[in-house]
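# A look at the structure
Here is what each chain is made of, one letter per residue.
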2 protein chains.
Amino acid sequence: MSADAVTVEVGLGTRSYDILIGPGLIGRAGEEIARRLPGIRAAIVSDENVAAHHLGALSESLSRSGIESTSIMLPAGEKTKNFDALQQVVDGILAARLERGDAVIALGGGVIGDLAGFAAGIVRRGMNFVQMPTSLLAQVDSSVGGKTGINTAHGKNLVGVFHQPRLVLADTGALDTLPAREFRAGYAEVAKYGLIDRPDFFAWLEKNWQEVFDGGPARTEAIAQSCSAKAEVVARDEFETGDRALLNLGHTFGHALEAATGYDGARLVHGEGVAIGMALAHRFSARLNLASHDDAARVEAHLTAVGLPWRMADIPGPLPDAERLLGYIAQDKKVSRGALTFILTHGVGQSFIARDVPASEVLSFLRENHPG
Amino acid sequence: MSADAVTVEVGLGTRSYDILIGPGLIGRAGEEIARRLPGIRAAIVSDENVAAHHLGALSESLSRSGIESTSIMLPAGEKTKNFDALQQVVDGILAARLERGDAVIALGGGVIGDLAGFAAGIVRRGMNFVQMPTSLLAQVDSSVGGKTGINTAHGKNLVGVFHQPRLVLADTGALDTLPAREFRAGYAEVAKYGLIDRPDFFAWLEKNWQEVFDGGPARTEAIAQSCSAKAEVVARDEFETGDRALLNLGHTFGHALEAATGYDGARLVHGEGVAIGMALAHRFSARLNLASHDDAARVEAHLTAVGLPWRMADIPGPLPDAERLLGYIAQDKKVSRGALTFILTHGVGQSFIARDVPASEVLSFLRENHPG
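Every value quoted in this text rests on a predicted model; they were computed, and no experiment measured them.

### Describing the pattern of salt bridges
Residue and element names in this part refer to chain B. A full pass over the atoms with the stated rule returns 46 salt bridges over all chains. For Glu368, the salt bridge is made with Arg287, and the minimal N-O distance between the two is 2.5 Å. Of the two residues, Glu368 sits in helix α13 (residues 359–369) while Arg287 sits in helix α10 (residues 270–287), which places them 81 residues apart along the sequence. Overall, the relative accessible area of 27% leaves Arg287 in the partly exposed class.

### Details of the relation of the copies chain A and chain B
Least-squares fitting of chain A to chain B yields an RMSD of 0.0 Å, with the superposition described by an axial translation of 0.0 Å and a rotation of 180°. The two molecules are tied by a two-fold rotation axis, judged by turn and shift. Interface residue correspondence from chain A to chain B reaches 100%, placing this contact among same-surface, isologous pairings.

### A few points about the environment of Gly372 of chain A
All names here are of chain A. Topologically, Gly372 is positioned in the segment after α13 (359–369). Residue classification places Gly372 among the exposed positions, given a relative accessible area of 92%. A sequence separation of 59 residues divides Gly372 from Ala313, and the C-alpha atoms of the two residues are 8.2 Å apart.

### Comments concerning the UniProt feature "binding site: Zn(2+)" (unreviewed entry) in chain A
All names here are of chain A. Per the UniProt record, "binding site: Zn(2+)" (unreviewed entry) is annotated on Glu189, His251 and His270. What stands out for the annotated residues spanning 82 residues is how close their C-alpha atoms remain, the widest pair being 10.2 Å apart. On the accessibility criterion, His251 (6% relative accessible area) is buried. Not counting residues within four places of it along the chain, the set of residues in contact with His251 comprises Glu189, Lys192, His270 and Val274. There is a polar contact of 3.2 Å between the side chain of His251 and the side chain of Glu189. With sequence-adjacent residues up to four places away left out, His270 is seen in contact with Leu137, Glu189, His251, His255 and Glu258. At 2.9 Å, the side chain of His270 forms a polar contact with the side chain of Glu258.

### Focus on the packing of aromatic side chains
A full pass over the atoms with the stated rule returns 20 aromatic pairs over all chains. Between the aromatic rings of Phe253 of chain A and Phe342 of chain A, the centroid separation amounts to 5.1 Å while the plane-to-plane angle is 50°, which identifies the pairing as tilted. Here Phe253 of chain A, found in helix α9 (residues 251–260), pairs with Phe342 of chain A, found in strand β10 (residues 342–345); they are 89 residues apart in sequence, far enough to count as distant. Residue Phe342 of chain A is classed as buried on the basis of its relative accessible area, which comes to 2%. Ring centres 5.3 Å apart and planes at 90° place the aromatic pair Phe162 of chain B and Phe239 of chain B in the edge-to-face group. In this pair, Phe162 of chain B is assigned in the loop between β8 (155–159) and β9 (167–171) and Phe239 of chain B in the loop between α8 (217–236) and α9 (251–260), connecting sequence segments 77 residues apart. When its relative accessible area of 17% is taken as the criterion, Phe162 of chain B is described as buried.

### Considerations on the nonpolar core
In this structure, Leu86 and Ile93 of chain A together with Leu86 and Ile93 of chain B are the most contacted members of the largest nonpolar core, which totals 58 residues. Those residues in contact with Ile93 of chain A that sit more than four places away from it in its chain are Ala43, Ile72, Leu98, Val104, Ala119, Val123 and Met127 of chain A. Core analysis: the next-biggest nonpolar cluster, separate from the first, contains 52 residues, Leu12, Ile19, Phe202 and Met278 of chain B among them.

### Looking at the sheet that holds strand β4 (residues 69–74) of chain B
Residue and element names in this part refer to chain B. Spatial strand order, β1-β2-β9-β6-β5-β3-β4: seven strands in an open sheet with mixed pairing. The sheet terminates laterally at β1 (6–10) and β4, the two strands that pair on one side only. Recorded for the sheet is a direction-independent mean angle of 20° between the axes of neighbouring strands. In this structure, strand β5 (residues 103–108) lies alongside strand β6 (residues 128–133), joined through six bridges in parallel fashion. Following the sheet pairing, Ala106 is matched in β6 by Gln131. Set on the sheet, helix α4 (residues 110–122) makes contact with β3 (42–47), β4, β5 and β6; between it and β5 the angle comes to about 170°. Contacts from α8 reach β1 and β2 (17–22), with the element oriented near 10° to β1.

Reading the values: the criteria
- Going along each chain's sequence as written, the residues are numbered from 1 onward.
- Lettering of chains starts at A and numbering of ligands starts at 1, both following the order in which they are written.
- Given that this is a predicted model, residues contribute local features only at a pLDDT of at least 70 and side-chain atom pairs are listed and counted only at 80 or more, while totals for whole chains, interfaces and linings are drawn from all residues.
- Processing note: side-chain calculations cover all non-hydrogen atoms of the structure and skip hydrogens and water entirely.
- Salt bridge criterion: a side-chain nitrogen from Lys or Arg within 4 Å of a carboxyl oxygen from Asp or Glu.
- By the criteria applied, helices consist of DSSP H or I runs no shorter than four residues and strands consist of E runs no shorter than two, each listed in order from the N terminus.
- Buried means the residue's accessible area, taken with a 1.4 Å probe over protein chains only, is under 20% of the maximum for its type, while exposed means over 50%, and partly exposed covers the values in between.
- Superposing the copies works by least squares over the C-alpha atoms of residues that have pLDDT at least 70 in both of them.
- Whether two residues are in contact is decided by their heavy atoms: any pair within 4.5 Å suffices.
- UniProt positions are given in the numbering used here, feature names are shortened, and annotations may be inferred rather than shown by experiment.
- As used in this structure description, the phrase polar contact means that two N or O atoms lie within 3.5 Å; if the pair is within protein, one of them must be able to donate a hydrogen and the other to accept it, and residues adjacent in sequence are counted only when both atoms belong to side chains.
- Between 30 and 60 degrees the pair is tilted, below 30 it is stacked and above 60 it is edge-to-face, where a pair is any two Phe, Tyr or Trp rings, Trp via its six-membered ring, whose centres lie within 6.5 Å.
- Take the buried Ala, Val, Leu, Ile, Met, Phe, Trp, Tyr and Cys residues and link them wherever side-chain atoms come within 4.5 Å; each set so joined is a nonpolar core.
- When DSSP finds at least two bridges between two strands, those strands are taken to pair.
- The axes are straight lines fitted to the C-alpha atoms, using for helices just the contacting stretch, and the angles between their N-to-C directions are given from 0 to 180°.

Structure, rendered in structure tokens:
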């Protein structure tokens, strides 16, 4: 594989778009965007941390391709994903007098992508949107599928729209500046795609994960496989009325643990919650005699190898008791009309949507696995 | 025609829905909603004025059909269509713990419909939405087509989403409590559908307008014709990339006049701006030798007959000069990439989209017709 970009197409009819993955894409974003959206102007939405590394290169590239741009800067961090910041981005886009055919460019991680995408989806009832994810998590997850949104006091991502990008530019070089813990957390979502329905990819990761962490072609390959896996599921179910729920593997337990630790990133970041959640989903499936305990052990071994947490005991500090954790699960938005829905599995790469999982089974399982 | 409801279907593939039009629909909303959306809960969004007349009847009807509901009250008036009110509605829906399959019901005029529809479009990335328009303008315009939105300091309706309702219940009885001026302003949009592409409907209105104002079957018929006319245009162009612009007949001049009078409803309400705008569009078309002066005179005569304003001189108080009015037109969102787009006409019922209308022609026309 060359160092050049690989392309994954997300097939959504008239809303189809390309994801370009590879090094150096920020520096040639202008030509890639101008080729697909000629004659536009743009608003770049970013945060201060990312902008310090990449905003100059992006602005220059746009300028070289004749794309006039303005930039809208936000504080870094999950707290930014709120109504006030949304209003600030919307005002910035309108103040620049951008029209529906112009573009909003998200340069940053998942927070920036979700927020900028939401703004692009509502200004003039939908503007062109270009994603330039700079974290591994954003490259393999939030940049594919068109979900945008913000958090409210009632929960995370409860407010937003489906708004597909016109183009995603995933510059793998941007990942070199990520802190190791953040890269590792993003890797949990990479492994997730293998566990959902690509057993060969999971086996490939077991062998090649070190090269994925080190960078180079294996990293590009892992990101491309992940985007392609997600794109396949999204193409089947763009508006999340069915199959798309598979992408929540590990997320029901994971979200509950994030909530239970007060979204304190020092204790648990999203990808770590997903890692623990995936391990628990496999162990819970084994306990329900749906999968083998060997498969659960295999997942735990791989998470251990890459340095990700996989037990509730791996979270520093005290956790609420099992009853309270169940309460957090029941509050999760994946709960439909009071029934508990989980993504369970018959083994590595064989996950499925289980509706009406009895709360009593979940509670017993949480009690058995609770560190307290 | 009986006093029972007539049904207009809006054909939008999987997003198709029915508009029921007739007296007494608020009192039997529960059964109509429960039949289409069984097992749901609901949040009613309304304003204090409308609620005083109709909220009790609606809540009771829902309750009789087993639909548990909560209500979210807003101050009446256009000023309510802002980010703060949107956030308040969103919070109210989330606080009631409604899920994606539950419904937001808008009970009120265009402001409530646009705001509640926007909230329904973004909570959980899209909930079920039911429109119960209580003004003539809302029944014939904003309840058809799925446009939702709010105003910002940069202009009206610049932020929103396309979100189609699942059902529209237009209770013609609710119009009996409207002030005469508001009913008349809404009538401007009724006449508009005749002028766009239904010359027979316009001729029918010339003969029957008094009965439409008096209520009864002619009113129901006029509303049904209007909804059906709009539905036909929307079905051709759901996301306003082409033909849908026809619905802006009278709106480019009208919006400019609304802006020029500072959106002061004491001087000019939206429908009155549209009435003047439609008359100007016909007179401007005649000046450009596209239509006959007789057709322009016919439009002016009908607006005079029903008591609607049709000249700039009919607006009380001073207006900005022609140059400034042109500035307001150029700011209007219908301006695409600097070119002036107008809906012009070849005569009654023969309107069309004219792109690249020279600003100099518009300016001369405004000067000739300026009362100052």
